[in-house]
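# Notes for the structure review
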Amino acid sequence: MSSAVSMEWDGLHGALERIASIGLNPDKLLAAIGAALEGSTRKRIEEGRDPDGVDWQSYAPLNPLYAADKKGPGILRESGALRATIESLVEEHVLLVGSRLPYAGIHQHGGVIQPKEGRQLSFMMGGHLWHVDSVLIPERPYLGISEEDKVMIIEELEVALARAIGGDGGVP
């Protein structure tokens, strides 16, 4: 370079350090995103739709016999426990969103329930006692990142970067 100017600007270095700190220590940003994802997940359960915005009823309707006796207002909303137990956790710079309920996974991914003991499952449905070898639970995803969630995540990141540039630490 035949001509150059060197300058010291503490504000620039400080802003760059704060921006880098977001990537090196993202836990506070991830926690803010997690709190928002908890809300959007609860909303999906309330509305009975998957992260793509498709109603569960359109591809995994309730068994009519089960629906006749069902308590609660809709799919995955009998007691409200699943919705109430949605939580987020940040561990080692990784954001986890979900529920600790033992049946949360079968509703998210679907699957076959088989007896743990004995030869058959026994349960009441539609006013009848049923004895079956297995029960298929259809997939009804409630966890995931929707298009609205993606927008929210970008907005959270933009706020954090604006704070970092402005000098107040870069975290919500």
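Each chain has its residues counted from 1, following the order in which its sequence is written. For this predicted model, a pLDDT threshold of at least 70 governs which residues receive local features, and a threshold of 80 or more governs which side-chain atom pairs are given and counted, while totals over whole chains, interfaces and linings are taken from all residues. Side-chain numbers come from the whole structure's heavy atoms, not from hydrogens or water.

## What about the packing of helix α2 (residues 27-47) against helix α6 (residues 147-166)?
To define axes, lines are fitted to C-alpha atoms, for helices over the stretch in contact only, and angles between the resulting N-to-C directions are given on a 0 to 180 degree scale. Secondary structure elements follow DSSP: runs of H or I of four or more residues count as helices, runs of E of two or more count as strands, with numbering from the N terminus. Running from N to C, α2 and α6 point in directions that differ by 155 degrees, and their axes come no closer than 10 Å. One way to sum up the angle between α2 and α6 is to call them roughly antiparallel. In this structure, α2 meets α6 at a crossing whose hand is right-handed. Of the residues in α6, those touching α2 at Leu29, Ala32, Ile33, Ala36, Leu37, Ser40 and Arg44 are Asp149, Met152, Ile153, Glu156, Leu157 and Ala160. Amino acids are sorted into nonpolar (Ala, Val, Leu, Ile, Met, Phe, Trp, Tyr, Cys and Pro), charged (Asp, Glu, Lys and Arg) and polar (every other residue, Gly among them). A breakdown of the residues in the contact of α2 with α6 according to their chemical character gives 9 nonpolar, 1 polar and 3 charged. Reported orientations rely on four angle classes, namely roughly parallel under 35 degrees, roughly antiparallel over 145, roughly perpendicular from 65 to 115, and oblique for the rest. The sense of a crossing depends on the near helix, which, turned anticlockwise from the far helix by less than a right angle, makes the crossing left-handed and, turned clockwise, makes it right-handed. Contacts are assigned to residue pairs with any non-hydrogen atoms lying within 4.5 Å of each other.

## Observations regarding the environment of methionine 152
You can see methionine 152 is positioned in helix α6. Look at methionine 152 and you get buried, because its relative accessible area is 16%. When the C-alpha atoms of methionine 152 and glutamate 117 are compared, they prove to be 46 Å apart, with 35 residues separating the residues in sequence. Think of it in three bands: with a 1.4 Å probe and only protein chains considered, a residue is buried below 20% of the maximum accessible area for its type, exposed above 50%, and partly exposed in between.

## Considerations on the pairing of strand β4 (residues 121-125)
Only when DSSP finds a minimum of two bridges between them are two strands counted as paired. In terms of strand pairing, β4 meets strand β5 (residues 128-132) through 5 bridges, oriented antiparallel. Each bridged residue has a counterpart across the sheet, and for serine 122 the counterpart in β5 is histidine 131. Joining the antiparallel neighbours β4 and β5 is a turn of 2 residues, in which glycine 126 adopts a positive phi near 65 degrees.

## Considering unusual backbone geometry
Phi is positive for leucine 76, close to 60 degrees, though the residue is something other than glycine. Topologically, leucine 76 is positioned in the loop between α3 (64-69) and α4 (81-84). The phi angle at glutamate 92 is positive, at roughly 50 degrees, despite the residue not being glycine. Checked against the element boundaries, glutamate 92 lands in the loop between β1 (87-91) and β2 (94-98). We classify glutamate 92 as exposed; its relative accessible area is 75%.

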